[in-house]
Amino acid sequence: MVLAGLGAYLPEEVVTNDDLSRVMDTSDEWISSRTGISQRRRAAEGQTSLHLAVEAGREALKHHGEGTAIDAVVVATSTPHRLCPATAPDVATALGLGHVPAFDVAAVCSGFVYAAATAQGLIAAGTARTVLVIGSDVFSSFLYPSDRNTRVIFGDGAGAAVVRAGDHDEPGAFGAFDLGSDGEGSDLITIGGGGSMPPSEDAPAGRDQFLAMEGREVYRRSIPGMADSCRVALDRRGWSIEDVDVMIGHQANIRILDAVARNLDLERERCYVNIDRVGNTAGASIPIAMTHAHADGAVRAGDKVLLTAFGAGLTWGSTTLTWPELPTI
Ligand code: COA
């Protein structure tokens, strides 16, 4: 499977740390130093993960170039347009892609890596030759208005990649994926209500419709989780950490990215960061970061790139790719 196009979409409204400190007990100093985030985007009222996914998907199709049929659409989202049906069929229709297979993957912050692995499977099985893989999340709809624990971190956004069948040694080729999960940590980041589980009697009325996060524990587990997963993905590719030109990690928290880099013995300069501008965009984080890294010139044709993510579920995943020649964005 080969990377053949990228795109991202961020909603217009910018929410700065100062904006948040006007409505809750926090400060720009606290948020910047603890998370590395300066601002994040918020979707407009009525703008959902579907709308963001369509915009990012359109950008990726443009970047890839007109004329190649898309055979499948996989949307990574944990904040779908609605609980049922999936968001992906609406995305495919809105983009005029015809009656292609389209489905969602729910792996929260690891969602894009899981969705890309799924696309690799569809391509390897001969079910599809070219797949549009999108990560789109609008967590702002699920953040409790006074919860400073989550509101300072999460931002809305979508990113997309076109991937196609190709040789394992051609520019843009992905390696094997490492994927994993640990359901024993499923309560650490959760929206408890809204599923088929009866409402919790312990939760204050309506509170379980919002995201709850035990930040410190997630933080503690994410560092070895991502680093170990990176080692497996590198090993499967036959690369060592010295081979890696750029790590594009899930933008959860700058301190997590720094600690993962330290754990791997990877210099900080080789670790791409855009969390300051976008916050933690969950399943959209990696394709937005890939798009921004390409646009910024932080990753260049021929670079060896490591992708890694960790998040709710708990889930994690990593893979490798060589960066292809792609048009500038
Ligand atoms: N603004 C100001 N102060 C805050 C605050 C905020 N938004 N949130 C917590 N604090 C305070 C706490 O009350 C506490 O004060 P105290 O020492 O007086 O008791 C202090 O800051 C430290 O709180 P703690 O919760 O231990 O902070 P932390 O250093 O663990 O940082 C997170 C909190 C959420 C930023 C951090 O745990 C984190 O990033 N975790 C991972 C989250 C994540 O990545 N989630 C998504 C996974 S994909």
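Residues numbered from 1 in each chain as written. Predicted model: local features only at pLDDT ≥ 70, side-chain atom pairs only at ≥ 80, totals over all residues. Heavy atoms only, no water.

- The name given to the protein chain in an unreviewed UniProt entry is Beta-ketoacyl-[acyl-carrier-protein] synthase III, with the source organism recorded as Euzebya pacifica.
- UniProt's Catalytic activity (unreviewed entry) comment on the protein chain is quoted here verbatim: "malonyl-[ACP] + acetyl-CoA + H(+) = 3-oxobutanoyl-[ACP] + CO2 + CoA".
- Under the heading Pathway (unreviewed entry), UniProt records this for the protein chain: "Lipid metabolism; fatty acid biosynthesis." (UniProt positions renumbered as here; feature names shortened; annotations may be inferred.)

1. Points about the domain arrangement of the protein chain
Here is step 1: Segmentation of the protein chain into domains returns domain 1 (2-164) and domain 2 (178-322).
Here is step 2: Relative to domain 2, the C-alpha centre of domain 1 lies at a distance of 14 Å.
Here is step 3: Listed by partner, the interface residues are 44 residues for domain 1 and 42 residues for domain 2.
Here is step 4: Considering only the side of domain 1, the residues that lose the most area to domain 2 are C109, V113 and Y114, jointly responsible for 17% of the buried surface there.
Here is step 5: The partner of D147 in a salt bridge is R207, and the shortest N-O contact between them spans 3.5 Å.
Here is step 6: Summed over the shared surface of domain 1 and domain 2, the result is 16 residue pairs in polar contact (both at pLDDT 80 or more).
Here is step 7: Elements represented by at least two residues in the side of domain 1 that touches domain 2 include exactly β1 (2-9), α2 (28-35), β3 (39-42), α5 (111-124), β6 (130-137), α6 (148-151) and β7 (157-164). (Domains from an automatic or database assignment. Contact = heavy atoms within 4.5 Å. Buried area = accessible area lost by both parts, 1.4 Å probe. Salt bridge = Lys/Arg side-chain N within 4 Å of Asp/Glu carboxyl O. Polar contact = N/O pair within 3.5 Å; in protein donor to acceptor, adjacent residues only side chain to side chain. Helix = DSSP H or I, 4+ residues; strand = E, 2+ residues; numbered from the N terminus.)

2. A short note on the pattern of salt bridges
Pairing between side chains of opposite charge can happen when their charged atoms approach one another.
Here is step 1: Tallied over the entire structure, the rule returns 15 salt bridges.
Here is step 2: Between E13 and R42 there is a salt bridge; the shortest N-O distance is 2.9 Å. Of this pair, E13 sits in strand β2 (residues 13-16) while R42 sits in strand β3; the two residues are 29 residues apart in sequence, bridging distant segments of the chain.
Here is step 3: Of the residues examined, R42 reaches a relative accessible area of 30% and is grouped as partly exposed.
Here is step 4: The closest approach of N and O atoms between D258 and R268, which form a salt bridge, is 2.4 Å. Of this pair, D258 sits in helix α8 (residues 254-264) while R268 is found in the loop between α8 and α9 (275-278), placing the two residues 10 residues apart along the sequence. (Buried < 20%, exposed > 50% of the residue type's maximum accessible area, 1.4 Å probe, protein only.)

3. Looking at the sheet that holds strand β12 (residues 304-311)
Here is step 1: One open sheet accounts for 4 strands, arranged β8-β13-β12-β11; its pairing is mixed. A strand with exactly one partner marks an edge of an open sheet, and here the two such strands are β8 (178-181) and β11 (246-249). Averaged over neighbouring strand pairs, the angle between their axes works out to 15° when direction is ignored.
Here is step 2: Sheet analysis places β12 next to strand β13 (residues 315-322), joined by 8 bridges and oriented antiparallel. Along β13, the bridge assignment pairs A309 with G317.
Here is step 3: Seen against the sheet, α5 touches β8, β12 and β13 and runs at an angle of roughly 125° to β8.
Here is step 4: Against the sheet, helix α10 (residues 285-296) contacts β11 and β12, and its axis sits at roughly 145° relative to β11. (Pairing = 2+ DSSP bridges. Axes fitted to C-alpha atoms, helices over the stretch in contact; angles between N-to-C directions.)

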